Amino acid sequence: MPTPHQQAEAALTAYALSLPETDLAPGWGETRYLRVRGKGFAVFGDKAQASDALTLTVKLPISYEMVQDLPSMRQGSPWYRENRWAIAHFGPEDDILAELDTLKGWVRQSYVAMAPRALSRLLTETGA
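Residues numbered from 1 in each chain as written. Predicted model: local features only at pLDDT ≥ 70, side-chain atom pairs only at ≥ 80, totals over all residues. Heavy atoms only, no water.

Asks: Which residues make up the pattern of salt bridges, and what are the values?
Replies: Applying the stated rule across the entire model yields 5 salt bridges. For E21, the salt bridge identified is with R37, shortest N-O distance 2.6 Å. Of the two residues, E21 sits in the loop between α1 (4-17) and β1 (22-26) while R37 sits in the loop between β2 (32-36) and β3 (39-44), which places them 16 residues apart along the sequence. Here E65 ties to R84 by a salt bridge, and the two come within 2.7 Å at their closest N and O atoms. Of this pair, E65 sits in helix α2 (residues 64-67) while R84 is found in the loop between α3 (78-82) and β6 (85-90), placing the two residues 19 residues apart along the sequence. (Salt bridge = Lys/Arg side-chain N within 4 Å of Asp/Glu carboxyl O. Helix = DSSP H or I, 4+ residues; strand = E, 2+ residues; numbered from the N terminus.)

What follows is the structure, encoded as structure tokens:
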């Protein structure tokens, strides 16, 4: 039976793949990489991540500062901070399924930030 963290990753991946012109590609090491027209907008996983943990990296141009004080957030390198990429890590003690709506919002914000303008407009115009 999948762990809650595996269930959350599956739900977030399904949500992301429902967005226009997205695909899932292997990342580096044990990571999974979501792309829109070949540009990455979300990364799942981390080095030697356990099945009862999940790390999600997304670009948050709007809410980056607001999320930095959340307990799940990790500090990235200066490049991540300068470019407003946020790294969230959920361990075995975290109720990640309770955070799904928030995480879907982050995935969407990252998609809009990285997608070509025409796709971003399509998404915002349709309210998808």
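There is more to say, and it comes next.
Asks: Before we move on, can you summarise the sheet that holds β6 with the specific residues and values?
Replies: If you walk across this open sheet you meet the 6 strands as β1-β2-β3-β4-β6-β5, and the pairing is antiparallel. Two strands lie at the open edges of the sheet, namely β1 and β5 (73-74), each paired on one side alone. In this structure, β5 lies alongside β6, joined through 2 bridges in antiparallel fashion. When the sheet's bridge partners are listed, M73 is paired in β6 with A88. Taken strand by strand, α1 contacts β1, β2, β3, β4 (54-59) and β6, and its axis lies near 135° from that of β1. (Pairing = 2+ DSSP bridges. Contact = heavy atoms within 4.5 Å. Axes fitted to C-alpha atoms, helices over the stretch in contact; angles between N-to-C directions.)

Asks: Give me helix α4 (residues 100-114): which residues, what numbers.
Replies: Helix length check: α4, at 15 residues, gives a terminal C-alpha distance of 21 Å against a target of 21 Å (1.5 Å per residue), a fit within 8%. Every buried residue of α4 is accounted for by L100, L103, W106, V107, Q109, S110, Y111 and M114. (Expected span 1.5 Å × (residues − 1). Buried < 20%, exposed > 50% of the residue type's maximum accessible area, 1.4 Å probe, protein only.)

Asks: Tell me about the nonpolar core, and name the residues and values.
Replies: F41, L56, W106, V107 and Y111 are the most contacted members of the largest nonpolar core, which totals 31 residues. Looking at this core, the elements with two or more residues in it are α1, β2, β3, β4, α2, β6, α4 and α5 (117-126). With 6 residues, the single largest contributor to this core is α4. Those residues in contact with L56 that lie beyond four places of it in its chain are L12, A42, V43, F44, A86, I87, A88, L103 and V107. (Core = buried A, V, L, I, M, F, W, Y, C linked by side-chain atoms within 4.5 Å.)

Asks: Tell me about the environment of G105, residues and numbers included.
Replies: Along the chain, G105 falls in helix α4. You can call G105 partly exposed: its relative accessible area is 34%. Measuring from C-alpha to C-alpha, the distance between G105 and I87 comes to 14 Å, with 18 residues separating the pair along the chain.

Asks: Please set out the packing of aromatic side chains residue by residue, giving values where relevant.
Replies: All chains considered together, the criterion is met by 2 aromatic pairs. Ring plane angle 85° and centroid distance 5.4 Å describe the contact between F41 and Y111, whose orientation is recorded as edge-to-face. Of this pair, F41 sits in strand β3 while Y111 sits in helix α4, and the two are 70 residues apart along the sequence. The class of F41 is buried, set by a relative accessible area of 0%. Summarising the aromatic geometry, the rings of W79 and Y80 are spaced 5.4 Å apart at their centres and angled 90° between planes, so their arrangement reads as edge-to-face. W79 sits in the partly exposed class, given a relative accessible area of 48%. (Phe/Tyr/Trp six-rings, centres within 6.5 Å; stacked < 30°, edge-to-face > 60°.)

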